[in-house]
Every structure is written in C-alpha cells, then in structure tokens.
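# Per-entry structural report
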Amino acid sequence: MKALIPAAGLGTRFLPATKAQPKEMLLVVDRPAIQYVVEEGLASAADEVVIINSRQKKVIEDHFSPNPELVAMLRAAGKDAYADEVERVGNMNVSYVYQEEALGLGHAVRCAAEKTGDDAFYVLLGDVLVPGNEMLPRMQEISDEHDGASVIAVMPVPHEDVKRFGVIAGEAITDDVWKVDSLVEKPAPEDAPSDLAVFGRYLLSPRVMQLLADVKPGVGGEIQLTDALDAVLREEEMYALIIDPAEGFDTGTIESWLQTNNVLFNRRGA
Ligand code: G1P
C-alpha cells in the first residue's frame, strides 16, 4: 500500500520565499515541512511514500537521498547525532512520480496510478501536518470495520470558511464518524451541506483512482479529487472521521505556518 504526497504546486501564497525554494522545503521548527508528512506516511500501514513532484523541485529529492560525504564529515567531527539523523532521512522509503502540468489535485493523484495499482492508498496533503501520526491508523480501523470503504478526515470549520474546502453531506453514525452521502468542492456558504471540511488525509479505495481518469475540470478549472470522491459514492460507501483540531496543524498560509512553528516549537521536549 502506498501513501501519496502531492507536492507539485507552485506555493504562490508564500512568494517571494518560494521563488527558488519549494514550499514543501520551508522550515517547520527543525525540519522541512514535507519531512513530517513523509514520516507520517511511513508510520502508517503504507510500505512506501510516493511524492508527486514537479521537475522544478528536485531539491525535495535531494533531501531524501543518501549523503555519505556529509555523514562522513559529521562522524569525523564527532557529531554522531547529526550524522545519524542525516542517514535516517536519506534512507526513508520514498519514490517519485511527476506531474508535468498543474491541472489540479485530482490530476496529481492520478499521476501515481501505476504505483497504487489495484490497492487502496492514502493521500496526504502537505499543507497540513499531523505530528502525532495517529490519524491514518484510526482511518484504517474505520475502513476495516466497513469492508475496506474509503475514509476521509474532516474538521469542523467556521461556516464562512467552507468556501476554501471540500465539504461533506451525510449523517453521524458515532460521536466522531459520519457516513458520507455526497461531497462538494469549495461551496458558497449558503450552499454548503455542512460545516465539516475535508482536511487533507484520505484513505481511498482503488476505484477512486480509476474514476479519476474520467473526472472533468471542476471548480477553478481544476481536476478535483473531491469530484472523484463524489462519483465513487454512487458505487461504494464512504466514511468521514471528524478530527480534533488539536491533532492537525495548517501550514497553508503564512499566518498558520508561523502559528504552527510556534506551537510545535513550544511543545519540543515538553
Ligand atoms: C484541497 C482539496 C479540498 C480540501 C483542502 C484541504 O484544496 O481540494 O477539498 O478541503 O485541500 O486543505 P486546496 O487547499 O488545494 O485548494
């Protein structure tokens, strides 16, 4: 089973910081943001993380490649803790596929179709960090309880914010799990079926990957993952895990990125 991390976006909101440096490589406390997401993927049931990269962002690949010269230098200088860390990051089980054109999140995910084959797969969006690594195992449990159904993480958001997210319709079956009836990408507040926003962690059935091949451009002219999820609901069940906002950290805007740095820095060693 694979964990897919789409990383080919332009990082427009962070310009000029992201002019020459990918957004995914911006520092969060002591490591680039994408390293948290890769570590989360590798801590799950996935055996490999697949980064859906753009050809302009090779520095992401450098980060996860071995660097024996640096390790040797650090060891010679007696800096073994740093050497160990550099080795650990260079040995992570990460592979790459390329999204040649930025045509939307659904298109990015579809670029990894050959990697996922006939298996279920995770999608982890890099804009949100889940340093506790507990969300994917919980989603897996819910999927296992429902014959391998797709499970997505959702978070309650203020009503006026629904226009920034995918939003679900459905009904509660337990305190923190909903059965999903439909999804809509970035609805106007007056059209939103709930205040539960798709948060950026997905466990998806292989059928979603097949359906993505036929999804037409939707909101913003982009091929939306949300539209494939809505389509799969005609054939399969889907569940949503309502997450505690304290479990996940947004890094999608400069303000939320700074706040996340603050909170995670203060938690260090706590
Ligand atoms: C994407 C998804 C959206 C989801 C959001 C979470 O939107 O399309 O459904 O709610 O991520 O961060 P984007 O932020 O790429 O516009």
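Our subject is the structure that appears above.
Residue numbering note: each chain is counted from 1, following its sequence as written. Only residues with pLDDT of at least 70 get local features here, since the model is predicted, and only at 80 or more are side-chain atom pairs given and counted; chain-wide, interface and lining totals rely on the full set of residues. Excluding hydrogens and water, the side-chain values take into account all heavy atoms of the structure.

## Structural notes on the overall build of the protein
For the record, the criterion: Numbered from the N terminus, helices here are DSSP runs of H or I no shorter than four residues, and strands are runs of E no shorter than two. With C-alpha atoms as the basis for the radius of gyration, the globule rule is written as 2.2 Å multiplied by the number of residues raised to the power 0.38. The classification of residues rests on relative accessible area computed with a 1.4 Å probe and restricted to protein chains. Under 20% of the type maximum is buried, over 50% is exposed, and intermediate values are partly exposed.
Within the protein, the secondary structure is distributed over ten helices and 13 strands. The C-alpha radius of gyration of the protein comes to 19 Å, within 12% of the 18 Å expected for a compact globule of 270 residues. For the C-alpha atoms alone, the extent of the protein along its principal axes is close to 60 × 40 × 40 Å. Every one of the 270 residues in the protein was classed for burial, and the buried ones make up 48%.

## Some thoughts on the nonpolar core
The following threshold applies: Put simply, a nonpolar core is a bunch of buried Ala, Val, Leu, Ile, Met, Phe, Trp, Tyr and Cys residues held in one set by side-chain atoms that sit within 4.5 Å of each other. Throughout, a contact is declared for two residues whenever any of their heavy atoms are within 4.5 Å.
Counting residues in each nonpolar core, the largest one holds 45 residues, and the members touching the most others are Ile-34, Val-38, Ile-51 and Phe-64. Here this core gets five residues from one element, more than from any other, and that element is helix α1 (residues 33–42). Apart from the residues within four sequence positions on either side, Phe-64 is in contact with Ile-34, Gln-35, Val-38, Ile-51, Val-89, Gly-90, Met-92, Val-94 and Tyr-96. Within the second largest apolar cluster, 35 residues are counted, among which are Val-208, Leu-229, Ala-231 and Ile-242.

## Quick notes on the site of the ligand
Using the following cut-off: Whether a residue is near a molecule or strand is decided by its heavy atoms; if any one of them lies within 4 Å of it, the residue is near. Polar contacts, as counted here, are pairs of nitrogen or oxygen atoms within 3.5 Å of one another; within protein the pair requires one atom able to donate a hydrogen and one able to accept it, and residues that are adjacent in sequence qualify only if both atoms are side-chain atoms. Only the protein chains shown count as cover for residues, and the accessible areas themselves come from Shrake-Rupley with a 1.4 Å probe. All residues other than Ala, Val, Leu, Ile, Met, Phe, Trp, Tyr, Cys, Pro, Asp, Glu, Lys and Arg, Gly among them, are scored as polar; the first ten of these are nonpolar and the last four charged.
In the vicinity of the ligand, the residues found are Leu-105, Leu-125, Phe-165, Gly-166, Glu-185, Lys-186, Val-198, Gln-224 and Thr-226. A distance of 2.7 Å separates an oxygen atom of the ligand from a polar side-chain atom of Glu-185. Here the ligand, which alone exposes 380 Å², has 77% of that area covered by the protein. Across the shell around the ligand, the residue classes tally to four nonpolar, three polar and two charged.

## Let's talk about the packing of aromatic side chains
For clarity, the threshold we go by: Any pair of Phe, Tyr and Trp rings, taking the six-membered ring for Trp, is counted once the centres come within 6.5 Å. Such a pair is stacked with planes under 30 degrees apart, edge-to-face with planes over 60 apart, and tilted for the rest. Lysine NZ or arginine CZ positioned within 6 Å of the ring centre and within 35 degrees of the ring normal marks a charge as sitting over the ring.
The final tally for this structure, using the stated rule, is zero aromatic pairs. Its guanidinium or amino end placed over the ring of Tyr-36, Arg-31 lies 5.1 Å from that ring's centre, counting from NZ or CZ.

## Quick word on α1
Counting buried residues in α1 gives nine out of ten residues, a clear majority hidden from the surface. Restricting attention to buried positions, one finds in α1 the residues Ala-33, Ile-34, Gln-35, Tyr-36, Val-37, Val-38, Glu-39, Glu-40 and Gly-41.

## Some thoughts on the environment of Tyr-122
Among the structural elements, Tyr-122 can be located in strand β6 (residues 121–124). For the pair Tyr-122 and Ser-205, spaced 83 residues apart in the sequence, the C-alpha separation amounts to 9.0 Å. When residues no more than four places from it in sequence are discounted, the contact partners of Tyr-122 are Met-1, Lys-2, Ala-3, Leu-4, Ser-44, Ala-45, Ala-46, Leu-136, Gln-140, Tyr-202 and Leu-203.

## Quick notes on the environment of Gly-117
For Gly-117, the position within the fold is in the loop between α6 (113–116) and β6. Between the C-alpha atom of Gly-117 and that of Thr-12, which follows or precedes it by 105 residues, the distance is 32 Å.

## Examining the pattern of salt bridges
Let me state the cut-off plainly: Salt bridge, as used here: a side-chain nitrogen of Lys or Arg that lies within 4 Å of a carboxyl oxygen of Asp or Glu.
Counted under the stated rule, the structure contains 19 salt bridges. Residue Lys-57 pairs with Glu-24 through a salt bridge whose shortest N-O separation is 2.9 Å. Of the two residues, Lys-57 is situated in the loop between β4 (48–53) and α2 (58–63) and Glu-24 in the loop between β1 (2–6) and β2 (27–28); the sequence distance between them amounts to 33 residues. You'll find Lys-57 and Glu-24 in the same group, each marked buried. Of the charged contacts, one joins Glu-141 and Arg-138 as a salt bridge, the two residues approaching to 3.6 Å between their closest N and O atoms.

## Considering the packing of helix α3 (residues 68–76) against helix α4 (residues 80–90)
Applicable threshold: For helices, the fitted line uses only the C-alpha atoms of the stretch in contact; every axis is such a line through C-alpha atoms, and the angle between N-to-C directions lies from 0 to 180 degrees. Should an angle fall under 35 degrees it is taken as roughly parallel, and over 145 as roughly antiparallel, whereas 65 to 115 is taken as roughly perpendicular and any remaining angle as oblique. Each crossing gets its hand from how the near helix is turned against the far one by less than a right angle, where anticlockwise is left-handed and clockwise is right-handed.
Two numbers describe how α3 lies on α4: the axes approach to 8 Å, and their chain directions differ by 165°. By the angle between their directions, the pair α3 and α4 is classed as roughly antiparallel. The handedness of the crossing between α3 and α4 comes out as left-handed. Only Asp-80, Tyr-82, Ala-83, Asp-84, Val-86 and Glu-87 of α4 make contact with α3, whose side of the interface consists of Leu-70, Val-71, Leu-74 and Arg-75. Grouping the constituent residues of the contact of α3 with α4 by class yields six nonpolar, no polar and four charged.

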